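Fold and contact review
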Amino acid sequence: MDAQELKSKTPDQLKDQLVALKKEAFNLRFQQATGQLENTARMRAVRRDVARVKTILNQKAAEAAASN
C-alpha cells in the first residue's frame, strides 16, 4: 500500500482500514506468541501501514481545519 493510494480515500475509508490493520497486527502478535507466525516481515509491514494511514488521516484533518 502506498501513500498515493491512501490519499485518494475518504477519512471514513481510512478509519475502516486502520481498524482492519490493527486487528491484523493483533492477530500477528498472537501468532508470534504461540509460535505459529510464518512471515515475520508482515508484522513490520503492518506497523508501517498503520503509521501511513494515521499520517494521511492527520494531514486530511489539518487541511480541513485550515480550510475553515
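Report on the accompanying structure. (Residues numbered from 1 in each chain as written. Predicted model: local features only at pLDDT ≥ 70, side-chain atom pairs only at ≥ 80, totals over all residues. Heavy atoms only, no water.)

Relative to the helices and strands, Lys 22 resides in helix α2 (residues 11-33). Given the relative accessible area of 44%, Lys 22 is considered partly exposed. In the structure, Lys 22 is positioned 18 residues away from Gln 4 in sequence and 21 Å away in space, judged by C-alpha atoms. Not counting chain neighbours up to four residues away, the residues in contact with Lys 22 comprise Val 50 and Lys 54. (Helix = DSSP H or I, 4+ residues; strand = E, 2+ residues; numbered from the N terminus. Buried < 20%, exposed > 50% of the residue type's maximum accessible area, 1.4 Å probe, protein only. Contact = heavy atoms within 4.5 Å.)

By size, the foremost hydrophobic cluster in this structure holds 13 residues, and its most contacted members are Leu 14, Val 46 and Val 53. For this core, the secondary structure elements donating two or more residues are α2 and α3 (41-67). For this core, the leading source of residues is α3, giving 6 residues. Not counting residues up to four positions away in its chain, the partners in contact with Leu 14 are Leu 6, Lys 9, Val 53, Ile 56, Leu 57 and Lys 60. (Core = buried A, V, L, I, M, F, W, Y, C linked by side-chain atoms within 4.5 Å.)

Any functional reading would require information that these geometric values do not contain.
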